[in-house]
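# Architecture and fold: a report
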Amino acid sequence: MKVLHLISGGDSGGAKTHVLSLLQDLNKSIDAELVCYMEGAFAQEARSRGIPTTVLEGSFTSAYRRTAEIVRSGNYELIHCHGSRANLMGVLLKRRLSLPFISTVHSDYTLDYLGRPLAKATYGRLNRFALRRMDYRVCVSDCMRNTLISRGFAPNEMYTIYNGVDFELPRKSVDRTEWLKSIGCGFTPDNIIVGIAARLDPVKDVATLIRGFAEASRDCEALRLLVAGDGQEREMLKKLAGELGVYEKVFFAGWLRGMEGYYSAVDINVICSLSETFPYAVTEAARERVPTVASRVGGLPELLKQGVTGMLFDVGDCHTLAAELRELAGDSELRRRMGDAVYERARRDFSAAGTCRKQLEIYEKVIARYAKRREKLRDGIVICGAYGHGNAGDEAILSSMIRQLRSMDPDLAVTVISRSPQDTRESHNVNSIGRGQLRKQRRAFRSAELYINGGGSLIQDVTSRRSLWFYLNTIKVAKEQGCLVHMYGCGIGPLLYGLDRKMSASVLNGSVDVMTLRDPDSLALLREIGVTGPELILSADPVLSVPPCGEEQTLEFMEANGLKADGSYVCLSLRPWVGFGEKAPCIAAALRRLCTEKGLTPVFLPMNYAKDEEVSRLVAELTGLEFVMLPEIRDPGLAIGVMSKMKLVAAMRLHSLLFAANGGTPSVGISYDPKVSGFVEYTGCGACIELGELTEDRLSELLLRLCGEDKQAELAENLKKVRAAEGRNLEAARRLMRRI
């Protein structure tokens, strides 16, 4: 593999460290060359590391022409850009060269030129223009990737790679006292030194550190502050230190030659930026076993776990920063323990070798995907269902499907047709198209390998005939555009109208390759209306494969919402439906009787918060009992974790019953639709009562009986069988895409 990197050559800090260390490691496996657009320290260090380096000085036009000549004659497979000038150069070259172009996003481009309005209006705007036109982008933290997704960048065209450092380098022994003396710093051996290594620019927010340090030093006379770096805010920061009365305790070292002495000198490392991706200052400090206190930005929380591998504070919160500095300054054992913990974590997950390995994987994926695109081969999956409506159950289906499908290929390109494309992009890290964007849908179908309709009950005409016609038309168009079509873990019906039955049978017979069905009733209905064309497979709902979140996260959520870990609770998940108002007093009375006899507290979990919260509150208030109304839970794993802590669940929403089953909690279904009673019967997860037949006595009897029985073993055995059936959803997709 042969790759060309483009960079301005005036870069410093994390970008410089990342590019040079990456190129040095890459050249052990591939041919990686570098073009800089100015001579200087960057190019000189690159040559000293043995990196093949070319410097192209002169006008932009001249540099562009000469870069194009290098690319044409170099037989490169990929061009990798870093920074605004290289990004602009790359996007102009991209118009003339049939090669994939990628850019590493080292920082938030909206904050790169703080305090420099002219540069922001020119270089900043050009960089935004160029970034959006790259083939792929590499972010140095998941947080930065999510930020770009929120700004409309396509998730399928982004990768994450964290900065890593070389933990195999031998540590140089540096005498702290001698090193401090060598830079003109008069701090003494008994001082506890807080340090920051950063450009003195507004985005680094060193002023917050000065304020926090001043507050902490009032209680800790031994504290001192070492500021390594230079920039436009140096004089302002000196003045601030003087105004706060700590000027004599702060030493401004300027730029340092090599950082070994810095990390040998400081006891506590600080990062207080307004924005970061994943700075080298945190991993370099970890390599030297120096604990870090950092603002809660970018990927820093990935490495720094509060009180374990580091300490965090909110941006600009100098008071919390001061408290954390005081705590660390007053406890040398805590500093040692935290330094050891962050070293072990960083060595395991943030090494230079790991960064290089990940970058090579990204190159291989990009080259393969670009080749498919150039040869106009089909690639990826389009999914359509009831997504973007704010329903936690439907979002859980989508999350589960994406997780399952990407188990075939972690790099699988997924596009979702959604009512709210932006929410879907941000929640699920996939490309998304609006339900009304028909041209974009057709374009997606023309390039996709597989179209998935599901899960949930989409082929039904009870809630809306118009939605049925939309889904049938989408299936038909996807097939016409050449997609394989899979209806995935879906429910069918009810279909009440003769025309709808006829249309459904026609489209499903003519356009669907495989249907995996979540319950036997759906399979029976398809046979009843004459669907024989597709392969029909009995499976189960994809949500049954979702694992609960960790115990710590569950308990933390419960505590934040007034639930005790050892409490006794019954969970209600209700929804508005025809006739619900008449039945609400019966539900409330049965619930009151259950809670009184069994000593339970009612907990309400609205699955579609905008629709369910009102009816949940109605029943809660009718009970006359103390109750807990949980906030919206978007993470299905967390919902399952919370359900697992309940003694019993009573639910109208199908996916509340699914979450309860996944959590091993028995449930009573209140059925407003055959899919609810069908699920309860198929899984054996509890009992069921029809909404129209519900009375206080009948519901009380079911609730009390299930609460008094030990159903755990039976439920676990039933769930094991149904989960095995659920695996047929992915098996069918694998066969269709020939990924077995």
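For the structure, see preceding data.
Residues numbered from 1 in each chain as written. Predicted model: local features only at pLDDT ≥ 70, side-chain atom pairs only at ≥ 80, totals over all residues. Heavy atoms only, no water.

A separate point is the overall build of the protein chain. Helix and strand counts for the protein chain come out as 29 helices and 26 strands. For the C-alpha atoms alone, the extent of the protein chain along its principal axes is close to 85 × 65 × 45 Å. In the protein chain, buried positions account for 58% of the 740 residues. Partitioning the contacts of the protein chain with sequence separation of at least 6, the portion at a separation of at least 24 is 70%. Surface summary for the protein chain: the accessible area is close to 30,400 Å², and the carbon and sulfur share equals 48%. Distance between charge centroids for the protein chain: 7 Å, based on 97 positive and 91 negative side chains. (Helix = DSSP H or I, 4+ residues; strand = E, 2+ residues; numbered from the N terminus. Buried < 20%, exposed > 50% of the residue type's maximum accessible area, 1.4 Å probe, protein only. Contact = heavy atoms within 4.5 Å. Areas by Shrake-Rupley, 256 points an atom, 1.4 Å probe, with all protein chains shown as cover. Lys, Arg positive; Asp, Glu negative; His and termini not counted. Charge placed at Lys NZ, Arg CZ, Asp CG, Glu CD.)

Take the sheet that holds strand β3 (residues 53-55) next. Overall, parallel pairing links the seven strands, which are arranged β3-β2-β1-β4-β5-β6-β7 in an open sheet. The open sheet has two edge strands with one neighbour each: β3 and β7 (158-160). Recorded for the sheet is a direction-independent mean angle of 25° between the axes of neighbouring strands. In this structure, strand β6 (residues 136-139) lies alongside β7, joined through three bridges in parallel fashion. The residue of β7 that forms the bridge with V138 is Y159. Running at roughly 170° to strand β1 (residues 2-7), helix α3 (residues 60-74) makes contact with β1, β2 (31-36), β3 and β4 (78-82) of the sheet. (Pairing = 2+ DSSP bridges. Axes fitted to C-alpha atoms, helices over the stretch in contact; angles between N-to-C directions.)

What follows covers the packing of aromatic side chains. Here the structure, examined in full by the defined rule, presents eleven aromatic pairs. Relative to F278, the ring of Y162 has its centre 4.9 Å away and its plane inclined at 85°; by these criteria the two rings are edge-to-face. Separated by 116 residues along the polypeptide, Y162 in the loop between β7 and α7 (176-182) and F278 in the loop between β11 (268-271) and α11 (280-287) bring together distant segments of the chain. Aromatic pair Y162 and F350: ring centres 5.5 Å apart, planes at 75°, arrangement edge-to-face. Taken as a pair, Y162 in the loop between β7 and α7 and F350 in the loop between α14 (332-349) and α15 (352-374) lie far apart in primary sequence, 188 residues in all. (Phe/Tyr/Trp six-rings, centres within 6.5 Å; stacked < 30°, edge-to-face > 60°.)

Looking now at the environment of R735. Locating R735 in the fold gives a position in helix α29 (residues 712-736). Residue class for R735 comes out partly exposed when judged on its relative accessible area of 38%. In this structure, the C-alpha to C-alpha distance between R735 and V514, residues 221 residues apart in sequence, is 10.0 Å.

Judged by how many residues are buried, strand β25 (residues 667-671) sits mostly within the fold: five of five residues are covered. In β25, alternate side chains face the same way, and those of S667, G669 and S671 on one face and V668 and I670 on the other are all buried. Relative to β25, strand β24 (residues 648-651) is paired through three bridges, and the arrangement is parallel. Paired with A650 across the strands is V668, a residue of β25. Once you follow β24 into helix α26 (residues 654-662) and on to β25, the crossover reads as right-handed. With respect to chirality, the unit in which β25 leads through helix α27 (residues 674-683) into the neighbouring parallel strand β26 (residues 686-690) is right-handed. (Right-handed = clockwise from strand over helix to strand, strands pointing away.)

The description of two packed helices rests on the angle between their axes and on the distance between the axes. At their nearest, the axes of helix α25 (residues 636-643) and α26 sit 8 Å apart, and the two run at 65° to each other. Judged by the inter-axis angle, α25 sits roughly perpendicular to α26. Between α25 and α26 the crossing geometry is right-handed. In this structure, α25 contributes P636, A639, I640 and M643 to the contact, and α26 contributes S656, F659, A660 and N662. When the residues that make up the contact of α25 with α26 are grouped by side-chain class, the tally is six nonpolar, two polar and no charged. (Parallel < 35°, antiparallel > 145°, perpendicular 65-115°, else oblique. Left-handed = near helix turned anticlockwise from the far one by under 90°. Nonpolar A, V, L, I, M, F, W, Y, C, P; charged D, E, K, R; others polar.)

Of all hydrophobic cores here, the largest spans 94 residues; its most connected members are I383, L405 and L574. Tallying contributions element by element places helix α23 (residues 580-598) first for this core, with eight residues. Not counting the four nearest positions on each side in its chain, I383 is found in contact with L398, M401, I402, L405, V414, T415, V416, I417, I452 and G454. (Core = buried A, V, L, I, M, F, W, Y, C linked by side-chain atoms within 4.5 Å.)

Before going further, it helps to examine the sheet that holds strand β14 (residues 381-384). The seven strands lie next to each other as β16-β15-β14-β17-β18-β19-β20, forming an open sheet whose pairing is parallel. Two strands close off the open sheet at either side, each with one partner strand: β16 (431-434) and β20 (535-538). Taking each pair of neighbouring strands and ignoring which way they run, the sheet shows an average axis angle of 20°. Across four bridges, the pairing between strand β19 (residues 514-517) and β20 is parallel. By the bridge assignment for β20, V514 is matched with E535. Running over the sheet, helix α21 (residues 520-529) touches β18 (484-492), β19 and β20 and is turned about 115° from β18.

With that settled, consider the pattern of salt bridges. When charged atoms on two side chains of opposite charge get close, those side chains can pair. Scanning the entire structure with this criterion turns up 37 salt bridges. Between R653 and D612 there is a salt bridge, with its nearest N and O atoms 2.9 Å apart. Pair noted here: R653 is in the loop between β24 and α26 and D612 is in helix α24 (residues 609-623), with a separation of 41 residues, a long-range link. Each member of the pair, R653 as well as D612, is classed as buried. (Salt bridge = Lys/Arg side-chain N within 4 Å of Asp/Glu carboxyl O.)

Turning next to a positive patch on the surface. Together, R439, K440, R442, R443 and R446 give the surface a local cluster of positive charge. Relative to the elements of secondary structure, R446 occurs in helix α18 (residues 438-447). The exposure class of R446 is partly exposed, given its relative accessible area of 46%. (Patch = residues over 30% accessible without salt bridge, like charges linked within 9 Å, V, L, I, M, F, W, Y side chains within 5 Å.)

Our next topic: α24. In this model α24 runs 20 Å from its N-terminal to its C-terminal C-alpha over 15 residues, within 8% of the 21 Å that 1.5 Å per residue would give. Residues of α24 that are buried: D612, V615, S616, V619, A620 and T623. All buried residues of α24 project into a common sector of 145° when viewed along the axis, lining one side. In α24, the exposed residues that point more than 90 degrees away from the buried face are A610, E614 and E621. Each element contacted by the buried residues of α24 is listed here: α23, β22 (601-604) and β23 (628-629). Remark: G624 follows α24 within two positions and exhibits a positive phi of approximately 75°. (Expected span 1.5 Å × (residues − 1). Arc of directions from axis to C-beta.)

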